[in-house]
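# Coordinates in review
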Amino acid sequence: MHNGLAKRIIPCLDVKDGKTVKGVNFIGLKEAGDPVELGREYSRAGADELVFLDITASHEGRKTFTSMVTRVAEEINIPFTVGGGINEISDVDRLLQAGADKISVNSAALRDPMLIDAITSKYGSQVCVCAIDARYEDGEWYCYTHGGRNKTSRKLSDWAHEAQERGAGEILFTSMNHDGTKNGFACEALAHLSDRLSIPIIASGGAGNIEHFRDVFIKGKADAALAASVFHFGEIKIPELKSYLNKEGIHVRL
């Protein structure tokens, strides 16, 4: 749908208590290194953007996290999206001041969809990424909140469309069924979203090899692909991934 633009490769850092962690299907976390160091490496390696999620956004964690956002922002020169525990405009203010370029909202937006309107009317659509964690069950994709813990009655496609209508600039869709499994992205669901929406779709959940990235751009029609462990543990190197995608005829920034 948005064929002219280069496809983006986005490493994602899930941060807990100041460390980068990674789980499978949202559970069983293991440490993956220092977020500031990883951010710097990815920026140098040619990542197009960086996503940073505070997965334990309690009040205490918040202060640690905000100072870390500042430290990462100082080290990188690519767009920087930050999410986790954003419940109100003051949280958005705090993180943008700390150095974030975009803010990702998830649970709070499902609880109060007007939050999207508020962010986009104050800062513009380009600042607001609506992250959606959804699980496929009984023939439908249902949205979940609180890091995949609480099921809602909202369906993926309807909520993504509403988020777009409220002004969200991008949708970051994580398939809980695919997350951490390394069996490939949810290409069918992604293609359906891409056909229905006019804003960019970031695919998340399931990256295991470089072919999965090709598939998510071609079959899944995604605008960007996000991954964590395959990058953190060095299984896929960004320059090699981009060179492969380029050879496959996919437009990426080299």
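So, here is what we can say about the structure in this document. (Residues numbered from 1 in each chain as written. Predicted model: local features only at pLDDT ≥ 70, side-chain atom pairs only at ≥ 80, totals over all residues. Heavy atoms only, no water.)

### Topic: the packing of aromatic side chains
Definition in use: Note on aromatic pairs: the rings of Phe, Tyr and Trp (six-membered ring only in Trp) are paired at centre separations within 6.5 Å, and the planes decide the class, stacked below 30 degrees, edge-to-face beyond 60, tilted for the rest. For the purposes of this entry, the term helix denotes a DSSP run of H or I that reaches at least four residues, the term strand denotes a run of E that reaches at least two, and both are numbered from the N terminus. Exposure classes here rest on a 1.4 Å probe applied to the protein chains alone. A residue is buried below 20% of its type maximum, exposed above 50%, and partly exposed in between.
One pass over the full model with this rule turns up 7 aromatic pairs. Taking the centre distance of 5.4 Å and the plane angle of 75° together, the rings of Phe52 and Phe80 count as edge-to-face. Taken together, the residues span a long stretch of sequence, with Phe52 in strand β4 (residues 50-54) and Phe80 in strand β5 (residues 80-83) at a distance of 28 residues. You'll find Phe52 and Phe80 in the same group, each marked buried.

### Quick look at the side chain of Gln164
Put simply, the rule reads: Whenever a nitrogen or oxygen atom comes within 3.5 Å of another N or O atom, the pair is scored as a polar contact, on the condition that within protein one atom can donate a hydrogen and the other can accept it, and that pairs from neighbouring residues in sequence are kept only if both atoms are in side chains. Working rule for contacts: check all heavy atoms of both residues, and any pair within 4.5 Å makes them a contact.
Structurally, Gln164 can be placed in helix α6 (residues 156-165). A distance of 3.3 Å separates a polar atom in the side chain of Gln164 from the backbone nitrogen of Ile199. Aside from chain neighbours lying at most four places away, what touches Gln164 is Leu197, Ser198 and Ile199.

### Considering the pattern of salt bridges
Our working rule: A pair is scored as a salt bridge if a Lys or Arg side-chain nitrogen falls within 4 Å of a carboxyl oxygen belonging to Asp or Glu.
A full pass over the atoms with the stated rule returns 19 salt bridges. A salt bridge links Arg166 to Asp117; the shortest N-O distance between them is 2.8 Å. One end of the pair, Arg166, is in the loop between α6 and β10 (170-175); the other, Asp117, is in helix α5 (residues 114-123), with 49 residues separating them in the sequence. With relative accessibility at 24%, the residue Arg166 sits in the partly exposed group. The network of salt bridges with shared partners includes Arg8, Glu49, Lys102 and Glu170.

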